[in-house]
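# Structural overview
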Amino acid sequence: MFMGTEKLTHTYMPGTPFANEALKEVTFDVKQGEFVLVIGPSGSGKSTLIQHLNGLLSPSSGKVYFDGNAISSDKRELFKLRRRVGLVFQMPEEHFFSETVYDEVAFAPRNLGFDESEVQIRVSSALEEVGLDAGTLAERHPFQISAGQKRLVALASVLSLNPEVLILDEPTAGLDSSGRRNLFSLLTRLNRSKGLTVLICTHHLDEVAALADSVLVLHHGRLIFNGPAGEIFSRREQLYELGLGLPAVTEILFGLSEKGMKVRTDIYTLEGARLEINKVKRRHEK
Ligand SMILES: Nc1ncnc2c1ncn2[C@@H]1O[C@H](COP(=O)(O)OP(=O)(O)OP(=O)(O)O)[C@@H](O)[C@H]1O
Ligand SMILES: [Mg+2]
């Protein structure tokens, strides 16, 4: 197994009247290079789950795996793990602590002991990669930039380590449409060209769903569906019952199918829908 969990259970504040079992026996497996969406209603355990994958939270019971091995609680091992598995928090600004954007992005490479010239190269290329203009932003205080820019700074901080796995919690929150487009092309490049494994928690399917290979669906801390994206998105009624939606493209195909058009409803990319609709049109024209 490249990475995943086995019967992972997490209880916040165990042994207190506030004990809360946020994950219940979650088992899944992610292949190297896969693009995975983690969806589920608010409070279903998405953020709790992904924070186990780079050792920020440790299981109450069960196991978490990376690169074939169970994650240990040894500090040095965790340090190595976090270098390979980068995580951008849901509210990244809550975790900023440097005086400038430059220092914020430089923190991790400095911490790993790179010399200043290497740090500078990594910071500039990470800022460029996320589409931030270092010239105007690098010397600003991280609190004196916009919400979308803060999110991109947090992403740059993680990219400065050249991780093998990128985990993003609600990455599109606060981004304008060009920011979302940039993020989409950055993720396409990182996953499809550089081979990074990507996991994304999101409520906004239209922005990244087209890249998904597989989808995990959480509900009240349980993993209730786990499978190829097309298969999961074709379960419209079950997703509706959970209060979840579908990518707009899939929604349109369901609409056409209800009008009697014989189209597949397990398609979730624009290109896939275009090919499917053309195929059906040609069938009709014969
Ligand atoms: N630090 C914490 N202490 C105690 N309980 C927590 C803590 N963080 C989350 N929880 C609880 O754990 C459960 C899962 O929360 P989690 O943040 O993982 O959900 P989520 O799926 O990420 O939700 P959202 O879509 O709103 O981000 C919820 O019941 C939440 O109230
Ligand atoms: Mg969350």
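Right above here is the structure, for reference.
Attention here is on the structure that accompanies the text. None of these values were measured; they are calculated from a predicted model. (Residues numbered from 1 in each chain as written. Chains lettered and ligands numbered in written order. Predicted model: local features only at pLDDT ≥ 70, side-chain atom pairs only at ≥ 80, totals over all residues. Heavy atoms only, no water.)

### Side note on empty space enclosed by the protein
Defined as follows: Think of a 1 Å grid over the protein atoms and nothing else: a 1.4 Å probe that fits but is trapped marks a cavity, an open set flanked by protein within 12 Å on at least five of seven lines marks a pocket, and residues with an atom within 4 Å of a point count as lining. Grid points are joined across faces, edges and corners, and a volume is the space filled by probe spheres set on the points. The secondary structure listing takes helices from DSSP runs of H or I that are at least 4 residues long and strands from runs of E that are at least 2 residues long, numbered from the N terminus. Classes in brief: Ala, Val, Leu, Ile, Met, Phe, Trp, Tyr, Cys and Pro nonpolar; Asp, Glu, Lys and Arg charged; the others, Gly included, polar.
Going through the model one piece at a time under the given rule, you end up with one cavity of 30 Å³ or more. Taken as a whole, the largest cavity encloses approximately 60 Å³ of empty space. Val88, Phe89, Arg151, Leu152, Leu155, Leu168, Asp169, Glu170, Pro171, Leu175 and Leu183 are the residues that line the largest cavity. Among the secondary structure elements, those contributing two or more residues to the lining of the largest cavity are helix 6 (147-159) and strand 7 (165-169). Looking at the lining of the largest cavity element by element, the count peaks at three residues for helix 6. Across the lining of the largest cavity, the residue classes break down as eight nonpolar, no polar and three charged.

### Focus on the site of ligand 1
Put simply, the rule reads: Throughout, near means a residue has at least one heavy atom within 4 Å of the molecule or strand. Side-chain atoms alone can form a polar contact between residues adjacent in sequence; in general such a contact is a pair of N or O atoms within 3.5 Å, and within protein one must be able to donate a hydrogen while the other accepts it. All accessibility values rest on the Shrake-Rupley procedure with a 1.4 Å probe; residue burial counts only the protein chains present in the view.
The local shell around ligand 1 holds 14 residues, among which Gly43, Lys46, Ser47, Thr48 and His203 are the closest. Glycine 45 places a polar main-chain atom, nitrogen or oxygen, 3.1 Å from an oxygen atom of ligand 1. With respect to ligand 1, the side chain of lysine 46 contributes an N or O atom lying 2.6 Å from an oxygen atom. The protein chains hide 64% of the 630 Å² of surface that ligand 1 would expose on its own. Mapped onto the shell around ligand 1, the elements with two or more residues apiece are strand 2 (20-30) and helix 1 (46-53).

### Some points on the nonpolar core
It is characteristic of soluble globular proteins that their nonpolar side chains tend to be buried jointly. We apply this condition: Joining through side-chain atoms within 4.5 Å is the link that ties buried Ala, Val, Leu, Ile, Met, Phe, Trp, Tyr and Cys residues into a set, and such a set is a nonpolar core. Burial classification: accessible surface area is computed with a 1.4 Å probe over protein chains only, and a residue below 20% of its type maximum counts as buried, one above 50% as exposed, and the rest as partly exposed.
Membership of the largest hydrophobic core comes to 52 residues, with the highest contact counts inside it found for Leu37, Leu155, Leu166, Leu187, Val217 and Phe233. Counting residues per element, this core draws most heavily on helix 6, at seven residues. Of all hydrophobic cores here, the second largest spans 25 residues; its members include Leu8, Leu53, Cys201 and Leu218.

### Re the packing of aromatic side chains
The condition that has to hold: Any two rings among Phe, Tyr and Trp, with Trp reduced to its six-membered ring, count as a pair given centres within 6.5 Å; such a pair is stacked if its planes are under 30 degrees apart, edge-to-face if over 60, and tilted if neither.
Scanning the model with the defined rule gives three aromatic pairs in all. For the pair phenylalanine 97 and phenylalanine 107, a centre-to-centre distance of 4.8 Å together with 85° between the ring planes defines the contact as edge-to-face. Here phenylalanine 97 is found in the loop between strand 6 (85-88) and helix 3 (101-111), whereas its partner phenylalanine 107 is found in helix 3, with 10 residues between them in sequence. For phenylalanine 107, a relative accessible area of 38% corresponds to the partly exposed category.

### Here we look at unusual backbone geometry
When glycine is set aside, most residues are seen to have a negative phi, and most peptide bonds are trans. Backbone geometry at methionine 13 places phi at a positive 45°, although glycine is not the residue there. Following the sequence through the fold, methionine 13 ends up in the loop between strand 1 (3-12) and strand 2. You will see that glutamate 170, though not glycine, has its phi angle at about 50°, which is positive. With respect to the helices, strands and loops of the structure, glutamate 170 is situated in the loop between strand 7 and helix 7 (177-193).

### Section: the packing of helix 3 against helix 4 (residues 116-129)
Selection criterion: To get an axis, fit a line to the C-alpha atoms, keeping to the stretch in contact for a helix; angles then go from 0 to 180 degrees between the N-to-C directions. What sets the label is the angle itself: under 35 degrees gives roughly parallel, over 145 gives roughly antiparallel, 65 to 115 gives roughly perpendicular, and the rest give oblique. Here is the rule for handedness: rotate from the far helix to the near one, and if that takes an anticlockwise turn smaller than a right angle the crossing is left-handed, while a clockwise turn gives right-handed. In this analysis, two residues are considered to be in contact whenever any of their non-hydrogen atoms come within 4.5 Å of each other.
Helix 4 packs onto helix 3 with a crossing angle of 120° between their chain directions and a minimal axis gap of 9 Å. What the angle tells us is that helix 3 and helix 4 run oblique. Between helix 3 and helix 4 lies a crossing whose hand is right-handed. On the side of helix 3, the interface is formed by Val101, Tyr102, Val105, Ala106, Pro109 and Arg110, while helix 4 contributes Glu116, Val119, Gln120, Arg122, Val123, Ala126 and Leu127. Along the lines of polarity and charge, the residues of the contact of helix 3 with helix 4 split into nine nonpolar, one polar and three charged.

### Section: the layout of surface pockets
For the largest pocket, the calculated volume is near 700 Å³. If you go around the largest pocket, you meet 25 residues; those closest to its centre are Leu87, Phe89, Phe107, Ala108 and Val158. Elements represented by at least two residues in the lining of the largest pocket include exactly helix 2 (75-84), strand 6, helix 3 and helix 6. Per element, the largest residue contribution to the lining of the largest pocket is five residues, and it comes from helix 2. The residue inventory of the lining of the largest pocket, partitioned by class, reads 16 nonpolar, five polar and four charged. Phe184, Asp206, Glu207, Ala210 and Leu270 are the residues nearest the centre of the second largest pocket, which is lined by 16 residues in total. Of all elements in the fold, only helix 7, helix 8 (205-208), helix 11 (248-258) and helix 12 (270-285) reach the threshold of two or more residues within the lining of the second largest pocket. Split into classes, the residues belonging to the lining of the second largest pocket amount to nine nonpolar, two polar and five charged.

### Describing the coordination of the magnesium ion (ligand 2)
Note the following rule: Shown as donors are all N, O and S atoms within 2.8 Å of a metal ion, widened to 3.2 Å for Na, K and Ca; because water is not in the atom set, sites may appear incomplete.
The magnesium ion (ligand 2) binds to the protein through Ser47 (OG) and Gln90 (OE1); the donor distances cover 2.0 to 2.3 Å. On the criterion of sequence distance, the pair formed by serine 47 in helix 1 and glutamine 90 in the loop between strand 6 and helix 3 is long-range, its members being 43 residues apart. Residue classification places serine 47 among the buried residues on the basis of a relative accessible area of 19%.

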